[in-house]
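# Structure at a glance
Each chain, written out:
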Amino acid sequence: GSALERFRTSESEREKLLANQLEAMQEKVAAMEAHSEQMQAQVREERQRALTDLLTQLPNREAWQERLSFEYNRWLRYRHPLTVAVLDVDLFKRINDSYGHKAGDRVLQLVAREMSTRLRSTDFIARFGGEEFVVLLPETPTDEARKVLDSLREHVPGLPFHFSGEPVSITFSAGLTGFQDDDTEESVFDRADRALYQAKDEGRNRVSVL
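This write-up is about the structure you can find in this document. (Residues numbered from 1 in each chain as written. Predicted model: local features only at pLDDT ≥ 70, side-chain atom pairs only at ≥ 80, totals over all residues. Heavy atoms only, no water.)

### Thoughts on the packing of helix α4 (residues 101–118) against helix α5 (residues 142–155)
Between α4 and α5, whose axes approach to 11 Å, the crossing angle comes to 135 degrees. On the basis of their axis angle, the class for α4 and α5 is oblique. Pair α4 / α5 crosses with right-handed handedness. Here E114, M115 and R118 of α4 come into contact with α5, specifically with S151, L152 and H155. Its residues assigned to classes, the contact of α4 with α5 comprises 2 nonpolar, 2 polar and 2 charged. (Axes fitted to C-alpha atoms, helices over the stretch in contact; angles between N-to-C directions. Helix = DSSP H or I, 4+ residues; strand = E, 2+ residues; numbered from the N terminus. Parallel < 35°, antiparallel > 145°, perpendicular 65-115°, else oblique. Left-handed = near helix turned anticlockwise from the far one by under 90°. Contact = heavy atoms within 4.5 Å. Nonpolar A, V, L, I, M, F, W, Y, C, P; charged D, E, K, R; others polar.)

Right, here's the structure in full:
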């Protein structure tokens, strides 16, 4: 009986030790999981920051390339209408020269805000560089996309934008095109860019389709 009691006491102490070790391991695992989630959130935040244009808070050129590739592959599979638009603020250098770069920055922010507000949530808008923006309009034929862009184009000049108490008129030109057979990501973008230059050559403040 004495030996049995010593065995029970020993087993009880061993079980307590194992329980303490298990609890310590569980706490360590929980801490590691919390740290992992924190690191993952930090990575996501850093990636989001890397894909965002600081001035306009729109997606940047790198984000555009990713989304264009995604939508292109989706188009290859389903062949649903997909339109690409390239927009450029008219006479932007004149705004910078006349009112300063701070005014130019405000113009870009204003145009970016109106685009984000007035285009659909399914459309993808990015700042491509300088005063140039790009838009992807999924499930949208070019004639419908033109109506959308024309509506935005007619809205922007009426914005009450002033700088140093002086009204500043803003317009933009746009070129757009839809994906066609044998198109690549590069060919469709080049065609939209050519349409933009056509709109510029025809007098600006207009949408051109190729």
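Still more ground to cover, so stick around.
### Some points on the pairing of strand β6 (residues 172–178)
Among the 7 residues of β6, 7 are classified as buried, and the element is accordingly described as predominantly covered. Of the two faces of β6, both are covered, the one formed by F172, A174, L176 and G178 as well as the one formed by S173, G175 and T177. Across 7 bridges, strand β1 (residues 82–89) lies against β6 in antiparallel orientation. The residue bridging V84 from the neighbouring strand is T177, located in β6. Looking at chain direction, β6 and strand β7 (residues 207–209) are connected through 3 bridges and run parallel. Of the residues in β7, the one forming a bridge with G175 is S208. Crossover β6 to β7 through helix α6 (residues 185–201) is left-handed. (Buried < 20%, exposed > 50% of the residue type's maximum accessible area, 1.4 Å probe, protein only. Pairing = 2+ DSSP bridges. Right-handed = clockwise from strand over helix to strand, strands pointing away.)

### Here's the deal with the sheet that holds β1
Spatial strand order, β2-β3-β1-β6-β7: 5 strands in an open sheet with mixed pairing. Two strands bound the open sheet, and with one partner strand each, they are β2 (124–129) and β7. Strand-to-strand twist in this sheet, taken as the mean axis angle between neighbours without regard to direction, amounts to 20 degrees.

### Remarks on the pattern of salt bridges
When charged atoms on two side chains of opposite charge get close, those side chains can pair. Taken as a whole and judged by the stated rule, the model has 16 salt bridges. Between E114 and R113 there is a salt bridge, with the nearest N and O atoms lying 2.8 Å from each other. Taken together, the salt bridges that share partners define one network made up of R67, E71, R74 and E139. (Salt bridge = Lys/Arg side-chain N within 4 Å of Asp/Glu carboxyl O.)

### Structural notes on the side chain of R127
In this structure, R127 sits in strand β2. Side-chain polar atoms of R127 contact the side chain of D53, separated by 3.2 Å. Setting aside anything within four residues of it in sequence, one finds R127 in contact with D53, L55, T56, L58, P59, N60, R61, L108, E132 and F133. (Polar contact = N/O pair within 3.5 Å; in protein donor to acceptor, adjacent residues only side chain to side chain.)

### Looking at the environment of V148
In this structure, V148 sits in helix α5. Given a relative accessible area of 27%, V148 falls into the partly exposed group.

### Some points on the nonpolar core
Among the nonpolar cores identified, the biggest contains 31 residues, and L87, M115, F133 and L149 are the most heavily contacted of them. Per-element tally for this core: the top contributor is α4, with 7 residues. Sequence-distant contacts of L87, defined by excluding residues within four places in its chain, comprise M115, E131, E132, F133, V135, L149, L152, F172, S173 and A174. Of all hydrophobic cores here, the second largest spans 19 residues; its members include L51, L68, V188 and F189. (Core = buried A, V, L, I, M, F, W, Y, C linked by side-chain atoms within 4.5 Å.)

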